[in-house]
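For reference, the chains in residue letters:
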Amino acid sequence: MTALQVTDVTKSFGGLTALDQVSLELRPGEVHGLIGPNGSGKTTLLNLLSGYYEPTKGDIRLDGEDLSRTRVQHRARLGIARTFQKPRLLGTMTVLDNAMLGAWRDVGSNFLGTALSLGRTRREEREFARRAGELLMGVGLGHAVHRRADLLEHAEQRFLEIARALAMRPKFIMLDEPAGGLTALETEHLGRIIQVMRDAGLGVLLVEHHTDFVFRICDRVTTLDLGKVIKRGTPDEVRKDPEVIRVYLGA
Ligand SMILES: Nc1ncnc2c1ncn2[C@@H]1O[C@H](COP(=O)(O)OP(=O)(O)OP(=O)(O)O)[C@@H](O)[C@H]1O
């Protein structure tokens, strides 16, 4: 079975150990929550999985292939997508163009060949626009496809980032605090989108401080504290764990 596996990963920044022998497995069709106090290492783990950092020790494998030292673009091509805590959009471009950026990972690595075969490129572009348009409809941005991305509301920008990540046709998607700044209604909408991703067979890693939301929609949850895994299990097991309550959830 395809799985994205983190095994005994340590990440140090100078003298600071941000992650200490962390293991975690993302499986297709499963939503995996990653929670923990500020500074516990959640974003660092996400950066390691997506290729922004290299582990100091340990490895990251997809279907057994060691990706630990491969670049962001390589992992994107293998189907690992992410969103950011602060949406990273090209503000002066349209919503549709931003979403289409995700689809470009499907262009062959032979850029010169692509550049020379204009007919094929146009066909591809039409196909990307169609796919991006469908995804924008799917996340609720059908009304805004031709709007400039920087004119969107905060929540709309978050949903656009998700559509862009999905345009890559990923196997795994990692969401860094996607509910940050969303209203209760928007968070419900986000939850439905995540469930659709799961039903479509994607593996989802959800980094999030809204723990009610995490416990409601995740299949499994891993809790970090000071760079170490202190508890992993079902939402119920994690919610009731005395150590998780002590360091993070509160009484
Ligand atoms: N590039 C970096 N250089 C130095 N230290 C870093 C770097 N990135 C993260 N850290 C440190 O690693 C630790 C873990 O940070 P990280 O951002 O992963 O935590 P987090 O759990 O995502 O926090 P939050 O919930 O606030 O987003 C922190 O002490 C942080 O200061």
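Residues numbered from 1 in each chain as written. Predicted model: local features only at pLDDT ≥ 70, side-chain atom pairs only at ≥ 80, totals over all residues. Heavy atoms only, no water.

Visitor: Honestly, the overall build of the protein in this entry has me stumped. Any pointers?
Guide: When helices and strands are tallied, the protein shows 10 helices and 10 strands. Taking 251 residues into account, the globule formula puts the C-alpha radius of gyration at 18 Å, and the protein, at 19 Å, falls close to it. With the principal axes as the frame, the protein shows a C-alpha extent of 60 × 40 × 35 Å. Residue burial in the protein is summarised as follows: out of 251 residues, 49% are buried. A sequence separation of at least 24 residues applies to 66% of the contacts in the protein between residues at least 6 apart. (Helix = DSSP H or I, 4+ residues; strand = E, 2+ residues; numbered from the N terminus. Rg over C-alpha atoms; globule rule 2.2 N^0.38 Å. Buried < 20%, exposed > 50% of the residue type's maximum accessible area, 1.4 Å probe, protein only. Contact = heavy atoms within 4.5 Å.)

Visitor: Could you clarify how one ought to interpret the packing of helix α3 (residues 95-103) against helix α6 (residues 154-167) in this entry?
Guide: The angle between the axes and the distance between the axes are what describe a pair of packed helices. Look at α3 against α6: their axes get within 6 Å of each other, and the N-to-C directions meet at 35°. By crossing handedness, the relation of α3 to α6 is classed as right-handed. Counting all contacts with α3, which are made through V95, N98, A99, L101, G102 and A103, the residues of α6 involved are L160, R164 and A167. Classifying every residue of the contact of α3 with α6 gives 6 nonpolar, 2 polar and 1 charged. (Axes fitted to C-alpha atoms, helices over the stretch in contact; angles between N-to-C directions. Left-handed = near helix turned anticlockwise from the far one by under 90°. Nonpolar A, V, L, I, M, F, W, Y, C, P; charged D, E, K, R; others polar.)

Visitor: Teacher, can you tell me more about the sheet that holds strand β8 (residues 203-207) here?
Guide: Think of a sheet as strands paired side by side through backbone hydrogen bonds, with each pair either parallel or antiparallel. Overall, mixed pairing links the 6 strands, which are arranged β6-β7-β8-β3-β9-β10 in an open sheet. Of all the strands in the sheet, just β6 (80-82) and β10 (228-233) have a single pairing partner and so form its edges. Across the sheet, the mean angle separating the axes of adjacent strands is 20° when strand polarity is ignored. Bridging between strand β7 (residues 172-176) and β8 involves 5 bridges; their strand directions are parallel. Residue pairing for β8: M174 is matched across the bridge by L205. (Pairing = 2+ DSSP bridges.)

Visitor: Teacher, can you tell me more about the site of the ligand here?
Guide: Taken together, 15 residues surround the ligand, and among them G39, K42, T43, T44 and H209 come closest. K42 places a polar side-chain atom, nitrogen or oxygen, 2.7 Å from an oxygen atom of the ligand. About the coverage of the ligand: the protein hides 64% of its 640 Å² of free accessible area. Of all the elements in the fold, those that place two or more residues in the shell around the ligand are β2 (16-26) and α1 (42-50). A total of 3 residues in the shell around the ligand trace back to one element, the largest contributor, which is α1. (Near = heavy atom within 4 Å. Polar contact = N/O pair within 3.5 Å; in protein donor to acceptor, adjacent residues only side chain to side chain. Areas by Shrake-Rupley, 256 points an atom, 1.4 Å probe, with all protein chains shown as cover.)

Visitor: I tried to follow the nonpolar core on my own but got confused; where do I start?
Guide: Inside soluble globular proteins, nonpolar side chains tend to come together where they are buried. Grouped together as the largest cluster of nonpolar side chains are 48 residues, with contacts concentrated most on L136, F159, L160, I162, I173, I194 and L206. Sorting elements by how many residues they give to this core places α6 first, with 8 residues. Excluding residues that lie within four positions of it along the chain, I194 makes contacts with V31, L175, V204, L206, F213 and I217. Ranked by size, the runner-up nonpolar core spans 21 residues in total, among them V9, L19, L26 and L205. (Core = buried A, V, L, I, M, F, W, Y, C linked by side-chain atoms within 4.5 Å.)

Visitor: Would you mind going over the packing of α6 against helix α7 (residues 184-199) with me for this structure?
Guide: Two elements in contact, α6 and α7, have axes whose closest approach is 11 Å; the angle formed by their N-to-C orientations is 10°. The orientation of α6 with respect to α7, classified from their angle, is roughly parallel. The residues of α7 that touch α6, namely those facing A155, F159, I162 and L166, are E186, H189, L190, I193 and M197. In terms of residue class, the contact of α6 with α7 is made up of 7 nonpolar, 1 polar and 1 charged. (Parallel < 35°, antiparallel > 145°, perpendicular 65-115°, else oblique.)

Just distances and angles here, no functional claims.
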